[in-house]
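# Analysis of the macromolecular model
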Amino acid sequence: MEAFLEVSVSRCPSCGNYYAEAAWYALVLESDLECGKCGEVFSATEHFTDRALLRFKLDKKGGIEEVDFVKDVS
Ligand SMILES: [Zn+2]
């Protein structure tokens, strides 16, 4: 059994800290993120750096056994 989560990475334009968020939240909703380090509020879409698809390998009850990722998301 498998489950997937697409994530995107964005970088704070003020201090350079990186953040990973669910892609539907950061890119589809074009949400603003608040940097936990310097307090800057910035657009996840404008400061997007990369994305990947996380793959969760599950046991029969849906428990997570292993996580890896697929790089090319289209
Ligand atoms: Zn920052």
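Note that this is a predicted model, so its numbers are computed, not measured.

### Let's talk about the confidence of the model for the chain
- Residues with a pLDDT of 70 or more make up 96% of the chain, whose mean pLDDT is 92.
- The spread of mean pLDDT over the elements of the chain runs between helix α1 (residues 23-28), the lowest at 84, and strand β4 (residues 41-43), the highest at 96.

### Regarding unusual backbone geometry
- For E30, which is not glycine, the phi torsion reads 50 degrees and is therefore positive.
- Within the secondary structure, E30 sits in the loop between α1 and β3 (32-34).

### A closer look at the environment of Y18
- One can find Y18 in strand β2 (residues 18-22).
- You can call Y18 exposed: it has 11 C-beta atoms within 10 Å.
- Linking Y18 and D50, residues 32 residues apart in sequence, is a C-alpha distance of 11 Å.
- Ignoring sequence-local partners within four residues, the contact set of Y18 consists of V9 and R11.

### As for the sheet that holds β2
- Spatially, β2-β1-β5-β6 is the arrangement adopted by the 4 strands of the open sheet, whose pairing is antiparallel. Lying at the two open borders of the sheet, with one neighbouring strand each, are β2 and β6 (64-70). Within this sheet the neighbouring strands show an average axis-to-axis angle of 30 degrees, counted without direction.
- Note: strand β1 (residues 2-11) against β2, 5 bridges, orientation antiparallel.

### What about the environment of L53?
- Within the secondary structure, L53 sits in strand β5 (residues 48-58).
- For the pair L53 and P13, spaced 40 residues apart in sequence, the C-alpha to C-alpha distance is 24 Å.

### Points about the environment of L33
- Along the chain, the position of L33 falls in strand β3.
- Each C-alpha atom, one on L33 and one on E21, is 9.4 Å from the other, the two residues being 12 residues apart in sequence.
- L33 has contacts with S10, Y19, E21, F42 and A44, leaving out every residue within four places of it along the chain.

### Here's the deal with the pairing of β5
- Where β1 and β5 come together, 9 bridges link them in antiparallel fashion. In the sheet register, E6 faces β5, and the bridge partner there is L53.
- As paired strands, β5 and β6 are joined by 6 bridges and run antiparallel to one another. By the bridge assignment, L54 is partnered in β6 with F69.
- In this antiparallel pair of consecutive strands, β5 and β6, the connection spans 5 residues, and G62 shows a positive phi of 85 degrees.

Scoring rules and cut-offs
Residues numbered from 1 in each chain as written. Predicted model: local features only at pLDDT ≥ 70, side-chain atom pairs only at ≥ 80, totals over all residues. pLDDT = per-residue confidence, 0-100. Helix = DSSP H or I, 4+ residues; strand = E, 2+ residues; numbered from the N terminus. Buried ≥ 20, exposed ≤ 12 C-beta atoms within 10 Å, placed from the backbone. Contact = placed C-beta atoms within 7 Å. Pairing = 2+ DSSP bridges. Axes fitted to C-alpha atoms, helices over the stretch in contact; angles between N-to-C directions.

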